[in-house]
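# Architecture at a glance
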Amino acid sequence: MEDDSAADLPERIVFLFTGGLTMEGLFAAVNAVLSFVTPVSDFFWDFPKMFGFWQAIPLLGQFSLAIIVLVGSGLYFTFRLGFIQIQCFSRGVRTLMDNHSIRTGISPLAAFCLSTAMRVGPGNIIGVTGAIAAGGPGALFWMWVSAFFGMATAYTESTLAQIFKEKRGKEFVGGLPFYARCLCGNKVWIGVALSLVYIVYAMMCLPAQGFNVVSSVGAMGSILSGSTIPVQSVFYYVVSLVVIVLVTVMAFGGIRRIAAVSNKLVPVMAVIYVLTVVSLILINLDNVPYFFSAVFKGAFTPEAVFGGAFGTVLMQGVKRGLMSNEAGQGTITMPAAAAEAKHPCEQGIISAIGVFLDTHVICTMTGFIVIMAHRWAMEPEAWKAAGTYPKFLLSIGSMTPGGLNELVMILVSVCFCLFAYTCVIGFITFSEISANRISSSRPFIHFIRGMGVFVAAFGIFCNIAGYDLSNLWAFSDLGNIIIVYCNIPMLYIGFRYVMKATKNYRESENPVFNSSVIGMETEYWDRKNKN
């Protein structure tokens, strides 16, 4: 009788949360939405490649509009800004190391860690593995290329976020909804609409991240116990409740608390992951030449087993690169605006460094594992049948000496757990910042926080019910491209202000920024640096 009661626990909890809906009813609703969302997502990412007239265009016909917009914008901003991501890289690093006192908002370093907490997520493992599985090793090369030019896009959007940020009490709020409103004639409805777009996007991504947190803890438990732990067990119920409590405490603690925790978690998870992978690379040093050969050869002459088309390789590299580093989405502009910077461009170059860390460092670590193991050649049937994350685990197993396998799997699971958890609190926090464009009233902000916790909890309950949420990546993909199409036009509209701010930033080591620099009113900067 007790076992039956325990088995019914997730069903009864969700019943209470949803006012009478059953777990099966919720799953049926999710599947119904997925059957609609997946083709819509594919359409936005592939348009207009599905049309014959477009495919007939030499070279250009291999690229979708999404690829052209993302890579093209990165190229445009890079050349117009004089390769700012290279010229000011060292200056950005020095800014990160500057521990000046903060009176409002958070420090540039805290904003960097907060944005990195969002960037460095399960996508750094699942996204990279999926890109290589679908497009081959060459997809990693195009992730590098798109991220390099994406650094200029991240610089542009984060500089705009700083220029048009607002001071609310002891915090700064800003980002896409705020600079879009200012750039479009101060129209309130534009800021509100884009705030809602981001909040919906965040809610679409939260269930999968909540699911990932609990599943990674379950994986650690199974490794340590030496046996598979059933998802409908006391262990999973306790872990799920603990995770929900931790998410709730963080969500209702405000931006400062989350920034403080991110400052501690981000370096830990990044260092653990990088050191673990570097150790495996050193153990398998003889495979390093194969890695570089496969990446560069596959970038231009893809293998048929992965699709055999240049456009497929490029699409996978850019699509999964965006999913990881978020350059061009406008989603990382919220933490950029929250920083107390001395000049708007400071946070712009710091955001560019964030893209570099995410893609050229963290994603490359995953690429080393998957490509050096090349399990698709050794066991093609097992590789094809395995899911995305199992593909990564198969690769880890091939790279790890028998005596270290358990330790490495635990370390990877810890990183995956932290990646997912920081994404959960990041989505909720950025939703809160975005919601401030609609209203700063405490009841409304608490509602947004509570909704984020509830949606994350739904993903967690789906895990303990044994439901597979892998298809929810379609939600993320759709949210990604919709936000890109909303954000990129704003970057072009505001780019003249970024150019003027950049010229001012480059003039000296301690430039002074205010409205006179860009010829447009910036209330906060005028108060800070009076003429």
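See the structure above.
Presented here is an overview of the structure given in this document. Here the structure is a predicted model, which is why all the values come from computation and not from measurement.

This part is about a nonpolar patch on the surface. The grouping of Phe43, Phe44, Phe47, Met50, Phe51, Phe53, Leu60, Leu65, Ile68 and Ile482 at the surface amounts to a nonpolar patch, some 810 Å² of accessible area in total. Breaking the nonpolar patch down by element, the ones donating at least two residues are α3 (23-46) and α5 (65-80). For Ile482, the location among the structural elements is in helix α24 (residues 473-507). A residue is classified by how much of its surface remains accessible, and Ile482, at 34% relative accessible area, is partly exposed.

Summed over all chains, the structure comprises 30 aromatic pairs. With a centroid separation of 5.5 Å and an interplanar angle of 65°, the aromatic rings of Phe141 and Phe296 are classed as edge-to-face. Taken as a pair, Phe141 in helix α10 (residues 138-163) and Phe296 in helix α15 (residues 288-300) lie far apart in primary sequence, 155 residues in all. We classify Phe296 as partly exposed; its relative accessible area is 39%. Considering the side-chain rings of Phe235 and Tyr236, the 5.8 Å spacing of their centres and the 80° angle between planes classify their relative orientation as edge-to-face. A residue is classified by how much of its surface remains accessible, and Phe235, at 31% relative accessible area, is partly exposed. We classify Tyr236 as buried; its relative accessible area is 7%. Site record: aromatic cluster; members linked through ring pairs are Phe141, Trp142, Trp144, Phe291, Phe292, Phe296, Phe300 and Phe368. Taking the ring centre of Tyr505 as reference, the NZ or CZ of Arg91 above it sits at 3.8 Å. The ring of Phe172 carries the charged tip of Lys165 above its face, separated from the ring centre by 3.9 Å.

Definitions and limits used
Residues numbered from 1 in each chain as written. Predicted model: local features only at pLDDT ≥ 70, side-chain atom pairs only at ≥ 80, totals over all residues. Heavy atoms only, no water. Patch = residues over 30% accessible without salt bridge, like charges linked within 9 Å, V, L, I, M, F, W, Y side chains within 5 Å. Areas by Shrake-Rupley, 256 points an atom, 1.4 Å probe, with all protein chains shown as cover. Salt bridge = Lys/Arg side-chain N within 4 Å of Asp/Glu carboxyl O. Helix = DSSP H or I, 4+ residues; strand = E, 2+ residues; numbered from the N terminus. Buried < 20%, exposed > 50% of the residue type's maximum accessible area, 1.4 Å probe, protein only. Phe/Tyr/Trp six-rings, centres within 6.5 Å; stacked < 30°, edge-to-face > 60°. Lys NZ or Arg CZ within 6 Å of the ring centre and 35° of its normal.

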